[in-house]
Amino acid sequence: MKTTERLMNAAKDIWQAYNEHPFVLGIQNGTLDKEKFRFYIIQDYLYLEEYAKVFAVGVAKAKSPETVKLFSKYIAVMNGELDVHSGYLAKFGVTQEEIAAARRSLDNLSYTSYMLRVAYEEGEAEILAAILSCAYSYEVIAKKMVQQHPACVEDPFYGTWIQGYSSDAYSEGNVVLLDTLNRLTEHYTEQQLEHLTDIFVACSRYELSFWEMSWRRQM
């Protein structure tokens, strides 16, 4: 069994709960209160600021030019996603001043602090395991939305979000992440794999908490 298959099996119940969550269902059905989505988008921006730092530490921890390029590529991607003048931030009229004044919710702070701790204390494979639950779950969630409600991609507001995360381009990036993690852990011991699984499951739980936090707009 590949490492990534093992990780997914360990977190399968958590991942199934993603698409059953009212926040995610609201995006899928186009019924989500836009103020809840606005709250989510701002918290997601604050999350991505720290997420980018995890990749930056990954560059320093990487042991091959290929892994350096992989981690550094995602730092560059974050530069685009952290633009308040584009995407949903622009649609909501969120300003740089509002972002600067915003606080991370407790769930957001806990999640990003955990990922950064993994990044500083662990190796390149463990860093990949920590970020994978976010990177890959968005693809899985969006594709499940399309499967359950094909017309969701045409929603005038949420359709863009669904299209982006269910796209071939986004999937191609995840294939590289998955393949790299499998390659880096080919010779991992059972103890190392158990530790890797603990990291992945913890971050998967944080992802579910992020949806719940956004649903409740809970700081």
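See the structure printed just above.
Worth saying up front: this structure is predicted, and the values here are computed from it rather than measured.

Enquirer: I would appreciate a short explanation of the overall build of the protein chain in the present structure.
Expert: In terms of helices and strands, the protein chain carries 12 helices and zero strands. What you see for the protein chain is a C-alpha radius of gyration of 17 Å, in line with the 17 Å of a compact globule of 219 residues. Along the three orthogonal principal directions, the C-alpha set of the protein chain runs to about 45 × 40 × 30 Å. The proportion of buried residues among the 219 residues of the protein chain is 50%. Counted over contacts in the protein chain with a minimum sequence separation of 6, partners at least 24 positions apart contribute 82%. Accessible surface, the protein chain as shown: approximately 10,500 Å² in total, 52% of it carbon and sulfur. Across the protein chain, the 21 positively charged side chains and the 30 negatively charged ones have centroids separated by 2 Å.

Enquirer: Explanation requested: the packing of helix 9 (residues 124–148) against helix 12 (residues 190–216) in the structure shown.
Expert: Packed helices, taken two at a time, are described by the angle between their axes plus the distance between the axes. At a closest axis distance of 9 Å, the pairing of helix 9 and helix 12 adopts a crossing angle of 40°. It follows from the interaxial angle that helix 9 and helix 12 lie oblique. Helix-helix and strand crossings are classified by hand; for helix 9 and helix 12 the assignment is right-handed. Counting all contacts with helix 9, which are made through Ala-125, Glu-126, Ala-129, Ala-130, Leu-132, Ser-133, Cys-134, Ser-137, Tyr-138 and Ile-141, the residues of helix 12 involved are His-195, Leu-196, Ile-199, Phe-200, Cys-203, Ser-204, Glu-207 and Trp-211. Within the contact of helix 9 with helix 12, the residues separate by chemical class into 12 nonpolar, four polar and two charged.

Enquirer: Even after reading the chapter, I still don't get helix 3 (residues 22–29), so can you show me in this structure?
Expert: The periodicity of an α-helix, 3.6 residues per turn, causes residues three or four positions apart to be oriented the same way. Listed in full, the buried residues belonging to helix 3 are Phe-23, Val-24, Gly-26, Ile-27 and Gln-28. Buried residues along helix 3 sit against helix 2 (12–20), helix 4 (34–61), helix 9, helix 10 (159–166) and helix 12. Backbone geometry just downstream of helix 3 places Gly-30 in the positive-phi region, at approximately 75°.

Enquirer: Which parts of the structure should I look at to understand the environment of Ile-199?
Expert: Inspection of the secondary structure assignment puts Ile-199 in helix 12. Taking relative accessible area as the criterion, Ile-199 reaches 1% and is therefore assigned buried. C-alpha of Ile-199 to C-alpha of Leu-128: the two residues are 71 residues apart in sequence and 9.8 Å apart in space.

Enquirer: Help me out: how do you make sense of the nonpolar core in this one?
Expert: Most often, soluble globular proteins keep nonpolar side chains buried together rather than apart. One finds Ile-27, Phe-37, Tyr-40, Tyr-51, Met-115, Trp-161 and Trp-211 to be the most contacted residues of the largest nonpolar core, which totals 72 residues. With 14 residues, helix 9 is the largest single contributor of residues to this core. Beyond its immediate stretch of four places on either side in the chain, Met-115 contacts Tyr-47, Tyr-51, Val-54, Ala-130, Ile-131 and Cys-203.

Enquirer: Would you mind showing me how to read helix 9 here?
Expert: Across its 25 residues, helix 9 extends 36 Å between first and last C-alpha, which sits within 8% of the 36 Å expected from 1.5 Å per residue. Remark: the principal bend of helix 9, roughly 45°, maps to Leu-132. Of all 25 residues in helix 9, 19 are buried, a share of seventy percent or more.

Enquirer: What exactly am I supposed to notice about the packing of aromatic side chains here?
Expert: Centre distance and the angle of the planes are the two values used to describe a pair of aromatic rings. Evaluated as defined, the whole model comprises 30 aromatic pairs. Taking 5.1 Å as the distance between ring centres and 90° as the angle between the ring planes, the aromatic pair formed by Tyr-165 and Tyr-170 counts as edge-to-face. With relative accessibility at 16%, the residue Tyr-165 sits in the buried group. In this structure, Lys-34 is placed above the aromatic ring of Phe-157, and the distance from its NZ or CZ to the ring centre is 4.7 Å.

Enquirer: Is there a simple way to explain empty space enclosed by the protein in this structure?
Expert: Under the counting rule described, the total for this entry stands at one cavity of 30 Å³ or more. Taken as a whole, the largest cavity spans an internal volume of roughly 40 Å³. Around the largest cavity, the lining residues are Asp-44, Tyr-47, Tyr-111, Cys-134, Tyr-138, Glu-207 and Phe-210. Where the lining of the largest cavity is concerned, the elements lending two or more residues are helix 4, helix 9 and helix 12.

Enquirer: What is the right way to look at the state of the cysteines in this model?
Expert: Among covalent bonds in proteins, the disulfide is the one between the sulfur atoms of two cysteines. In this structure the tally under the stated criterion is zero disulfides. Here Cys-134 is not disulfide-linked; the sulfur of Cys-203 is the nearest cysteine sulfur, at 9.3 Å. Free of any disulfide, Cys-152 has its nearest cysteine sulfur in Cys-134, 19 Å distant.

Cut-offs applied
- Residues numbered from 1 in each chain as written.
- Predicted model: local features only at pLDDT ≥ 70, side-chain atom pairs only at ≥ 80, totals over all residues.
- Heavy atoms only, no water.
- Helix = DSSP H or I, 4+ residues; strand = E, 2+ residues; numbered from the N terminus.
- Rg over C-alpha atoms; globule rule 2.2 N^0.38 Å.
- Buried < 20%, exposed > 50% of the residue type's maximum accessible area, 1.4 Å probe, protein only.
- Contact = heavy atoms within 4.5 Å.
- Areas by Shrake-Rupley, 256 points an atom, 1.4 Å probe, with all protein chains shown as cover.
- Lys, Arg positive; Asp, Glu negative; His and termini not counted.
- Charge placed at Lys NZ, Arg CZ, Asp CG, Glu CD.
- Axes fitted to C-alpha atoms, helices over the stretch in contact; angles between N-to-C directions.
- Parallel < 35°, antiparallel > 145°, perpendicular 65-115°, else oblique.
- Left-handed = near helix turned anticlockwise from the far one by under 90°.
- Nonpolar A, V, L, I, M, F, W, Y, C, P; charged D, E, K, R; others polar.
- Core = buried A, V, L, I, M, F, W, Y, C linked by side-chain atoms within 4.5 Å.
- Expected span 1.5 Å × (residues − 1).
- Bend = angle between axes of the 7 residues up to and from the residue.
- Phe/Tyr/Trp six-rings, centres within 6.5 Å; stacked < 30°, edge-to-face > 60°.
- Lys NZ or Arg CZ within 6 Å of the ring centre and 35° of its normal.
- 1 Å grid on protein atoms, 1.4 Å probe; cavity = no way out; pocket = protein on both sides within 12 Å on 5 of 7 lines; lining within 4 Å.
- Points joined across faces, edges and corners; volume = space filled by probe spheres on them.
- Disulfide = S-S within 2.5 Å.

Limitation: the analysis is restricted to geometry and does not speak to function.
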